[in-house]
There are 2 protein chains.
Amino acid sequence: MNNRPAPGHLKLRRMSIDTWRDHICFLHRDCTAYPAPDYLGPNRIDISSGAKKIRARVNVVDDDQFVKHDEIGLSKRAFDELGLLEGTEVTIERATPPDSLLVLRNKVAGNELELGQMREVIRDIVDYRYTEREIVAFLVAASKELTLSEIQSLTQARAEYAHHFTWSRNMVVDKHSMGGVPGSRISMIVIPIVAAHGFWIPKTSSRAITSAAGTADAMECVAEVDLAPEALHKVVETAGGCIAWNGRLSHSPIDDVMNTITRPLGIDSTKLAVTSILSKKVAAGSSHVVVDIPYGTRTKVANLAQAQDLGNLFEAVGRGVGLTVVAVPTDASRPIGHGIGPALEVRDVWAVLQNHADAPPDLREKALHFAGIILDWDPNVENGRERARVLLENGAALNRMERIVDLQGRKEHPIGPGSLAHNVLANQSGQVTGIDCYRVADIARRSGAPMDKGAGIDFLAPVGTQVKAGEPLYRILANIETDLRLAVGAAERDNGIEIS
Amino acid sequence: MNNRPAPGHLKLRRMSIDTWRDHICFLHRDCTAYPAPDYLGPNRIDISSGAKKIRARVNVVDDDQFVKHDEIGLSKRAFDELGLLEGTEVTIERATPPDSLLVLRNKVAGNELELGQMREVIRDIVDYRYTEREIVAFLVAASKELTLSEIQSLTQARAEYAHHFTWSRNMVVDKHSMGGVPGSRISMIVIPIVAAHGFWIPKTSSRAITSAAGTADAMECVAEVDLAPEALHKVVETAGGCIAWNGRLSHSPIDDVMNTITRPLGIDSTKLAVTSILSKKVAAGSSHVVVDIPYGTRTKVANLAQAQDLGNLFEAVGRGVGLTVVAVPTDASRPIGHGIGPALEVRDVWAVLQNHADAPPDLREKALHFAGIILDWDPNVENGRERARVLLENGAALNRMERIVDLQGRKEHPIGPGSLAHNVLANQSGQVTGIDCYRVADIARRSGAPMDKGAGIDFLAPVGTQVKAGEPLYRILANIETDLRLAVGAAERDNGIEIS
């Protein structure tokens, strides 16, 4: 009778070691199953029992207290993901390189990939079969050389590995913005207009990443936004539209990887962003998408020519994957609406929907423009912009919005603007000739937005206003004293308003 | 009195964990000095005491048995490299990104770098300040877009971080081959001719990586090749030349990194190879270099046009860094000399040096051609090729070679061809019209070359020979029965000889 376990069989042990995203396994140097040091390095091994399997890199241990000769230790996250009990017998074997490695090398060598090849690469990225160095090499190579046909293939392949929605209609519309303009909360007006017309528009949005508010942050002041796919489906089938958070719905491991790698390395992610956005639209079951591309010196898209190029790319990639895409460059030189910050933007949105006399005209105008482009897709509509105006002015859009809020889950206590306020005053007399979007968004974030939904900036002197020294330019709102103080301090150093 | 150590001070502990090249430190989750989980992830921390410092990634531990609250554990190699005793108080701080990270991002974004910027990047790579993902991104970006001026800067910068030789002469020559032709051991003839003429030619060579013999492997059959820099210096000042192993002399951490990353990822390393080769020539103190660029369907350089392009690149980069470079495309369609494998190639070399009637004419001819190009750099020489022939035929080259062997350290028992032999016979009658270099090198390696220096292939029927079925094509030599059997088996499947 031999006490050694069968070769390749080891008992699973949970190590109280957190190795972040790295899956690490710990083998004793004199491991009974395998010559452990052979596995040291960038290569990985597959650890499995039945259908459960995980891939990990090897650390070699010389201390029986850490792992015994017949054990394999797994770092915490890897252990949890494998989902087996301690002591389970597992098999280990050298991980074979992903089948698509040759495809990846092909891309690095500068060759064009076809749809089938893109599929292979994306599948292996999604399944965590690549090492980080391989993914980095692919992304850098792809950022340098990606033909239109490859961008289309990549979009298609990414769509296939995302959560899919199917609708009982062929025509499903959507609207996306590349972001960068504070206060440009037009989705909350466009969706109810378009839904009131009779189109289906299942809109999901992000929370703010670097801005003072995302559409999901704003909508969350009045309604539930974290909907499961089935709930979202129901809202859209009943009301024709929704305004939900995309977090739970279109989370993609590829976006994860791409974001953590491309940003710090400064990899040009324009083409990758197009594939990310349009693949989600395909997966969401959309057939028609309008894309808002704000351009201006402080945004990602510096000028109109670049915006047009990007727009052409969006439209061409859309054609390749069966989407009708219309891209619209828009001016990003100044904020839109009166306020920035979730609750202040919601206030502006309702002012437009309620046809208030003092509703921000720029927000109303931009929303009608985009709603009009969407309604023009209806062959029975002669003038989309005009149809949108009617639906807004006759209260149909407001009614539809209230219905969507009810269906998503109305907040018992909607969140309004903050209770603390400080007026920022003009240092000199003259005309307001510019507002630095980047600067005022920064001040709004210091005031607590978007975490504090009531925080933000309420503009009192839009571009074009004549002001006298000492008159208020804008009001900083907050709910927490220290946040207000931080924002006021920042505004005192540079309030972001240009007077001349 | 507070028992907590001062913030940032922890006691060093050696962990019996081997994490290969990764420097990993282990902090307790409730570490007294720092909120350890903040450091999880790709970011790294600097661990230091006095002038000793090491950079490592953090794993977080929840078990007091691994590390205590006031301790920091280091993986074995990191501990050894830091070189401090267990229990030493060390300071930790968040590692700042390398200064050159912006430069690297610039390259990834497709911008051209200047010499000063290349220097910064190379210095930070050499000092292990970059993460692997950063190096991969740089290499992929560089393989896609590297202008001539950048290749020159990169060559210059790499030269500055290599071991430097200085000579008491301004003119120092060298010869380099891109490899790929079995048996092309011309360095062992060129160096003694050139040294006999009076030039200084401090030649260092590699051992075989994928071939059956490198110059260092062959020279090692008769002389010591692993010379310290001082010893090499002395040999060259006495004999005008040397044939040494480059392993100890021009080891570069950049080559390390580049090789382990570029090969598996299939990154086009042509430009990087030029910078690697010429930077070593600059560091070795050379002023004039001739580069042999074999081309053929089975080598890295597929055809004459590619060889000429690569040659032009070598020459242009040379001009930029103050080197006179002459690149010479040569035919790689068939082996050179009678035998392949270290001892068999040495036999051919001595046959040429001794002016034997049956010395391989192709080896003699190629050696004279390259020696001639080098001797043409002497303004007092009218015809370099002719001068080379004289030095070879009058025995000056042989004498010089024997002197170099003596100075480097003559082997008491020079290694000759192997004692086991097997003749590979022609399957059909006809003319030998081709020899597949790749195939015969593979068979020679199976016979034990280059580890077994006597192993290899001795050709009995060069291209052009008329053979009858059953007549010998070549003899496989070996010293170990199993090796011979393996090689014979391979030759039986495909002997690499084309008869028609």
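Residues numbered from 1 in each chain as written. Chains lettered and ligands numbered in written order. Predicted model: local features only at pLDDT ≥ 70, side-chain atom pairs only at ≥ 80, totals over all residues. Heavy atoms only, no water.

## Brief notes about the overall build of chain A
Then comes step 1: A tally of regular secondary structure across chain A gives 17 helices and 19 strands.
Then comes step 2: By principal-axis analysis of the C-alpha atoms, chain A measures approximately 95 × 55 × 45 Å.
Then comes step 3: Within the span of chain A, comprising 500 residues, buried residues form 56% of the whole.
Then comes step 4: Carbon and sulfur atoms form 48% of the exposed surface of chain A, whose accessible area is close to 20800 Å².
Then comes step 5: Between the mean site of the 56 positive side-chain charges and the mean site of the 63 negative ones, chain A shows a separation of 0 Å. (Helix = DSSP H or I, 4+ residues; strand = E, 2+ residues; numbered from the N terminus. Buried < 20%, exposed > 50% of the residue type's maximum accessible area, 1.4 Å probe, protein only. Areas by Shrake-Rupley, 256 points an atom, 1.4 Å probe, with all protein chains shown as cover. Lys, Arg positive; Asp, Glu negative; His and termini not counted. Charge placed at Lys NZ, Arg CZ, Asp CG, Glu CD.)

## Structural notes on the interface of chain A and chain B
Much of the literature gives interface size as the accessible area that the parts lose upon coming together.
Then comes step 1: Taken residue by residue, the interface counts 42 residues in chain A and 42 residues in chain B.
Then comes step 2: Overall, the association of chain A and chain B removes approximately 3600 Å² of surface from exposure, summing both partners, and the carbon and sulfur fraction of that is 55%.
Then comes step 3: When the area that chain A buries against chain B is broken down by residue, the three leading residues are R133(A), K144(A) and L265(A), summing to 20%.
Then comes step 4: Between chain A and chain B we count nine salt bridges in total.
Then comes step 5: The closest approach of N and O atoms between E132(A) and R133(B), which form a salt bridge, is 2.9 Å.
Then comes step 6: At the junction of chain A with chain B, the criterion picks out 15 residue pairs in polar contact (both at pLDDT 80 or more). (Contact = heavy atoms within 4.5 Å. Buried area = accessible area lost by both parts, 1.4 Å probe. Salt bridge = Lys/Arg side-chain N within 4 Å of Asp/Glu carboxyl O. Polar contact = N/O pair within 3.5 Å; in protein donor to acceptor, adjacent residues only side chain to side chain.)

## A word on the pattern of salt bridges
Then comes step 1: All chains considered together, the criterion is met by 62 salt bridges over all chains.
Then comes step 2: The shortest N-O distance in the salt bridge between D80(B) and R14(B) comes to 3.7 Å. With D80(B) in helix 1 (residues 76–82) and R14(B) in strand 1 (residues 9–14), this pair connects stretches of sequence that are 66 residues apart.
Then comes step 3: Its relative accessible area of 35% is what places R14(B) among the partly exposed residues.
Then comes step 4: Among the ionic contacts, a cluster of salt bridges with common partners joins D18(A), K76(A), R29(B) and D62(B).

## Quick notes on the sheet that holds strand 11 (residues 288–295) of chain B
All names here are of chain B.
Then comes step 1: Taken in spatial order, the three strands of this open sheet run 8-11-12, and their pairing is parallel. The open sheet terminates on both sides in strands that have one partner only, identified here as strand 8 (173–177) and strand 12 (324–331). Neighbouring strand axes in the sheet, compared pairwise and without regard to direction, differ in orientation by 20 degrees on average. (Pairing = 2+ DSSP bridges. Axes fitted to C-alpha atoms, helices over the stretch in contact; angles between N-to-C directions.)

## With respect to the relation of the copies chain A and chain B
Then comes step 1: If you rotate chain A by 179 degrees and push it 0.3 Å along the axis, it lands on chain B with an RMSD of 0.4 Å. Read as a symmetry element, the transformation amounts to a two-fold axis.
Then comes step 2: Taken as a fraction of all interface residues of chain A, those also at the interface in chain B reach 100%, which identifies the copy contact as same-surface. (Least-squares fit on C-alpha atoms with pLDDT ≥ 70 in both.)

## Observations concerning the domain arrangement of chain A
Residues and elements named next belong to chain A.
Then comes step 1: Per the domain assignment, the segments of chain A are domain 1 (9–94), domain 2 (101–160), domain 3 (173–249 + 263–408) and domain 4 (420–499).
Then comes step 2: Each of domain 3 and domain 4 has a C-alpha centre, and the two are 26 Å apart.
Then comes step 3: Between domain 3 and domain 4, the contact holds 23 residues from the first and 19 residues from the second.
Then comes step 4: Carbon and sulfur atoms make up 63% of the area that domain 3 and domain 4 hide from each other, which totals about 1600 Å².
Then comes step 5: Interface area lost by domain 3 to domain 4 is led by R298, I340 and L344, which between them contribute 30%. (Domains from an automatic or database assignment.)

## As for the environment of Y438(B)
Then comes step 1: As for its position among the elements, Y438(B) is in helix 16 (residues 437–446).
Then comes step 2: Measuring from C-alpha to C-alpha, the distance between Y438(B) and E93(B) comes to 53 Å, with 345 residues separating the pair along the chain.

## As for the pairing of strand 11 (residues 288–295) of chain A
Residues and elements named next belong to chain A.
Then comes step 1: Extensive coverage of strand 11 is indicated by the burial of seven of its eight residues.
Then comes step 2: Pairing of strand 8 (residues 173–177) with strand 11 involves five bridges; the strand directions are parallel. Across the sheet, residue S177 finds its bridge partner in strand 11, namely D292.
Then comes step 3: Across eight bridges, strand 11 lies against strand 12 (residues 324–331) in parallel orientation. For V289, the partnering residue across the bridge sits in strand 12 and is V325.

## Some points on the nonpolar core
Then comes step 1: Residues I293(A), F314(A) and F314(B) are the most contacted members of the largest nonpolar core, which totals 97 residues.
Then comes step 2: If we skip the residues at most four places from it in the chain, F314(A) touches M178(A), V274(A), I277(A), L278(A), V291(A), I293(A), V325(A) and A327(A). (Core = buried A, V, L, I, M, F, W, Y, C linked by side-chain atoms within 4.5 Å.)

## Examining the packing of helix 2 (residues 101–108) of chain A against helix 4 (residues 132–144) of chain A
Residue and element names in this part refer to chain A.
Then comes step 1: The geometry of helix 2 relative to helix 4 is characterised by a closest axis approach of 8 Å and an angle of 40 degrees between their N-to-C directions. Considering their axes alone, helix 2 and helix 4 lie oblique with respect to each other. Read as a crossing pair, helix 2 and helix 4 show a hand that is left-handed. Contact with helix 2, carried on its side by L101, L104, K107 and V108, involves E134, A137, F138 and A141 of helix 4 and no other residues of that element.
Then comes step 2: Its residues placed into classes, the contact of helix 2 with helix 4 shows six nonpolar, no polar and two charged. (Parallel < 35°, antiparallel > 145°, perpendicular 65-115°, else oblique. Left-handed = near helix turned anticlockwise from the far one by under 90°. Nonpolar A, V, L, I, M, F, W, Y, C, P; charged D, E, K, R; others polar.)

## Concerning the packing of aromatic side chains
Then comes step 1: Scanning the entire structure with this criterion turns up seven aromatic pairs over all chains.
Then comes step 2: On the basis of an interplanar angle of 75 degrees and a centroid distance of 4.1 Å, the ring pair of F66(A) and F66(B) is categorised as edge-to-face. Of this pair, F66(A) sits in the loop between strand 5 (52–61) and strand 6 (71–74) while F66(B) is found in the loop between strand 5 (52–61) and strand 6 (71–74), placing the two residues in two different chains.
Then comes step 3: Note on F459(A) and Y474(A): the rings are 5.9 Å apart at their centroids and 70 degrees apart in plane angle, and the pair reads as edge-to-face. Here Y474(A) lies in strand 18 (residues 472–478) and F459(A) lies in strand 16 (residues 456–459), a separation of 15 residues in the sequence. (Phe/Tyr/Trp six-rings, centres within 6.5 Å; stacked < 30°, edge-to-face > 60°.)

## Details of the environment of I404(A)
All names here are of chain A.
Then comes step 1: You can see I404 is positioned in helix 15 (residues 396–408).
Then comes step 2: For the pair formed by I404 and I243, sequence separation is 161 residues and the distance between their alpha carbons is 7.9 Å.
Then comes step 3: Those residues in contact with I404 that lie beyond four places of it in its chain are I191, M219, A239, G241, C242 and I243.

## A short note on the pairing of strand 5 of chain A
Then comes step 1: A large share of strand 5 of chain A lies buried, amounting to eight of its ten residues.
Then comes step 2: Summarising the sheet, strand 3 (residues 24–28) of chain A and strand 5 of chain A pair through five bridges and their orientation is parallel. Of the residues in strand 5 of chain A, the one forming a bridge with I24(A) is R57(A).
Then comes step 3: As judged from the six bridges shared by strand 4 (residues 44–49) of chain A and strand 5 of chain A, these two strands associate in the antiparallel manner. Within strand 5 of chain A, the position partnered with D46(A) by the bridge is R55(A).
Then comes step 4: In this structure, the hairpin formed by strand 4 of chain A and strand 5 of chain A is closed by a connection of two residues, where G50(A) is found at a positive phi of approximately 60 degrees.
Then comes step 5: Two strands pair when backbone bridges link them, and strand 5 of chain A and strand 2 (residues 17–18) of chain B are joined in this way by two bridges, in the antiparallel orientation. Residue pairing across strands places V60(A) opposite D18(B), the latter belonging to strand 2 of chain B.

## Some points on the sheet that holds strand 14 (residues 420–425) of chain B
All names here are of chain B.
Then comes step 1: Ordered in space as 13-16-18-14, the four strands form an open sheet in which the pairing is antiparallel. The sheet terminates laterally at strand 13 (339–340) and strand 14, the two strands that pair on one side only.
Then comes step 2: Bridge analysis of strand 14 against strand 18 (residues 472–478) gives six bridges, and the strand direction is antiparallel. Counted as the bridge partner of A421 is L477 from strand 18.
Then comes step 3: Sheet strands touched by helix 16: strand 13, strand 16 (456–459) and strand 18. Its angle to strand 16, the strand with the most contacts, is close to 130 degrees.

## A few points about unusual backbone geometry
Residues and elements named next belong to chain A.
Then comes step 1: Looking along the chain, the bond that leaves A449 and enters P450 is cis, with omega of 0 degrees.
Then comes step 2: Following the sequence through the fold, P450 ends up in the loop between helix 16 (437–446) and strand 16.
Then comes step 3: Although it is not a glycine, N355 sits at a positive phi angle of roughly 55 degrees.
Then comes step 4: In this fold, N355 is placed in the loop between helix 12 (342–353) and helix 13 (361–375).

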